[in-house]
Amino acid sequence: DKGTYMEPYLTWNAMRTKLPCKLSDLVTPAFIVDIDVVKRNCENMIAKAKAGNVKLRPNVKTHKTMEIAKLQVDGDLSNGIVCSTLAEVSFFASNGFSDITYGIPITSIKLFPLYQISQSTGCKISLIVDSEVQVDELKNFIEDQENAHFGCFLKIDTGYHRAGVDIRLNRATGLELAQKISGEKNITFRGIYSHSGHGYQAQDTAEAQNICLEECKMARSFADFLIEKGLDCQIVSIGSTPSCGSSNQFPGVTEIHPGNYVFFDRQQVQAGACKEADVAVRVLTRVIGHYESSGHMLCDAGSLAMSKDLAPQDDHFGFVEGCDLVLQSLSQECGKVMTKKTSTGKRAPYNMDDYPRGSLLKIVPNHSCLTAACHPLYYIVENDMVSLCHL
């Protein structure tokens, strides 16, 4: 039985006519999703937010699908979400979501597309700013448009040092920006927004929890400072998957905005945000060569199937489920599979005959957000059968 050739780049409508099928029928590399684990992860984060008395405003950039977005908000399309690209904002607004935050600092070239999306769909769109220039550009744009209105969050830096006003060093600057936003016509100051991306560097659950608690403390303190100065700071929004996944309490904040938790990945396992059983995705690949002299096998999952993100805690690009093999290095379409290094820096021998050419491997990715973005289709797997695929 040679199996059925399954072209992985067909449209969803064309592909679903070939389903259900076996994993062995899929052309590799293929991105496979355990939908039961996704559902459990979404339910757990919803429950965590309720128990912590905070709103969940999930980021949808990891998966970019309506099916999973609905799971994140328990079917409530009026629940706010966060998007990271204009394409995501357009897609989710056009499909019924009515409160979307564009989650990276705004540039003027993106204002008109966002205005058009808001006008055509009725979606309330909020922006992220961290400089006076952005506020001025937003003000000038709104003055030139009919019925233009945006919500606006002030981005604050609580330790990641990628973007945002550093409120430890420049509290006065943050206050001035918040006042400027609040004073503008047709701009609603919604509150403050922090992203604890440094949580990805955590070595264990305790460290990730400490990062979360420090973020909560800093954000709450700055929000109280703004309120003391007469500003209406209703929303204090914090989080990332490692910080929110590891923590159960979010003292002083009003909402959290994780996103990666729908899939999780190796980074989250190593940061203590989840267990290996919580990782919902794998890259299915095939062994395509044995190279005894160098101790590696070659598979057909390279950087275009995995991305080149390393987990901060080690030096490989994913591990093979069910054994001690790792994806040690990548080229564009191929990956070298080896055993992990021991404490002495050497690699244990293994029998390549246990993995004949053409055999399937499931690789747990380091960073599921980037890995998912490498694939045009997601294959939904239940009991090693592909029952549905999503684009």
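Residues numbered from 1 in each chain as written. Predicted model: local features only at pLDDT ≥ 70, side-chain atom pairs only at ≥ 80, totals over all residues. Heavy atoms only, no water.

A. Quick peek at the overall build of the protein chain. Across its full length, the protein chain carries 12 helices and 19 strands. For 391 residues, the compact-globule estimate of 2.2 N^0.38 gives 21 Å, and the C-alpha radius of gyration of the protein chain, at 23 Å, lies within 12% of that figure. Along the three orthogonal principal directions, the C-alpha set of the protein chain runs to about 70 × 50 × 35 Å. Taken over 391 residues, the protein chain has a buried fraction of 53%. Contacts in the protein chain between residues far apart in sequence, at least 24 positions, make up 67% of those at least 6 positions apart. (Helix = DSSP H or I, 4+ residues; strand = E, 2+ residues; numbered from the N terminus. Rg over C-alpha atoms; globule rule 2.2 N^0.38 Å. Buried < 20%, exposed > 50% of the residue type's maximum accessible area, 1.4 Å probe, protein only. Contact = heavy atoms within 4.5 Å.)

B. Geometry of the pattern of salt bridges. A full pass over the atoms with the stated rule returns 9 salt bridges. Between Arg-40 and Asp-278 there is a salt bridge, with its nearest N and O atoms 3.3 Å apart. Of the two residues, Arg-40 is situated in helix α2 (residues 35–51) and Asp-278 in the loop between α10 (266–270) and β12 (281–291); the sequence distance between them amounts to 238 residues. Ionic contacts of the salt-bridge type, sharing partners, join the residues Arg-57, Asp-99, Arg-190 and Glu-255 into one network. (Salt bridge = Lys/Arg side-chain N within 4 Å of Asp/Glu carboxyl O.)

C. Region of interest: the environment of Gly-159. Among the secondary structure elements, Gly-159 is positioned in the loop between β7 (150–157) and β8 (165–166). A relative accessible area of 18% places Gly-159 in the buried class. A sequence separation of 52 residues divides Gly-159 from Ile-211, and the C-alpha atoms of the two residues are 8.5 Å apart.

D. Just the side chain of Asp-300, in detail. Position of Asp-300 relative to the elements: it lies in the loop between β13 (296–299) and α11 (303–306). Arg-286 provides the closest opposite charge to the buried, unpaired Asp-300, separated from it by 5.6 Å. Asp-300 has contacts with Thr-28, Pro-29, Thr-285, Arg-286, Ile-288 and Glu-333, leaving out every residue within four places of it along the chain. (Lys, Arg positive; Asp, Glu negative; His and termini not counted.)

E. Just the environment of Val-135, in detail. With respect to the helices and strands, the residue Val-135 is situated in helix α6 (residues 132–143). Relative accessible area serves as the criterion here: at 1%, Val-135 is assigned to the buried category. For the pair Val-135 and Ser-108, spaced 27 residues apart in the sequence, the C-alpha separation amounts to 9.9 Å.

F. Structural context of the pairing of strand β9 (residues 187–193). Among the 7 residues of β9, 6 are classified as buried, and the element is accordingly described as predominantly covered. Sheet analysis places β7 next to β9, joined by 6 bridges and oriented parallel. Each bridged residue has a counterpart across the sheet, and for Cys-152 the counterpart in β9 is Phe-189. In the sheet, β9 pairs with strand β10 (residues 235–238) via 3 bridges, with the strands oriented parallel. Of the residues in β10, the one forming a bridge with Gly-191 is Ile-235. (Pairing = 2+ DSSP bridges.)

G. Structural detail: the nonpolar core. Core analysis: the biggest nonpolar cluster contains 98 residues, and Leu-154, Ile-192, Leu-226 and Phe-263 have the highest contact counts within it. It is helix α8 (residues 205–228) that contributes the most residues to this core, 8 residues altogether. Leave out the neighbours within four places in its chain, and Leu-226 touches Leu-175, Ala-178, Phe-189, Ile-192, Leu-231 and Cys-233. Judged by nonpolar contacts, the second largest core, of 12 residues, contains Leu-23, Leu-26, Ala-30 and Cys-389. (Core = buried A, V, L, I, M, F, W, Y, C linked by side-chain atoms within 4.5 Å.)

H. Representation of the packing of helix α4 (residues 86–94) against helix α5 (residues 111–121). Interaxial distance between α4 and α5 falls to 10 Å at its minimum, and their mutual angle equals 5°. Here α5 runs roughly parallel to α4, going by the angle between their axes. Contacts between α4 and α5 involve Leu-86, Val-89, Ser-90, Ala-93 and Ser-94 from the former and Pro-113, Leu-114, Ile-117 and Thr-121 from the latter. Of the residues that constitute the contact of α4 with α5, the class distribution is 6 nonpolar, 3 polar and no charged. (Axes fitted to C-alpha atoms, helices over the stretch in contact; angles between N-to-C directions. Parallel < 35°, antiparallel > 145°, perpendicular 65-115°, else oblique. Nonpolar A, V, L, I, M, F, W, Y, C, P; charged D, E, K, R; others polar.)

I. Focus on the packing of α5 against α6. The interhelical angle for the contact between α5 and α6, taken along N-to-C directions, is 50°, at an axis separation of 11 Å. In terms of axis orientation, α5 runs oblique to α6. Here α5 runs over α6; the crossing is right-handed. On the side of α5, the interface is formed by Leu-111, Phe-112 and Tyr-115, while α6 contributes Glu-137, Leu-138 and Phe-141. (Left-handed = near helix turned anticlockwise from the far one by under 90°.)

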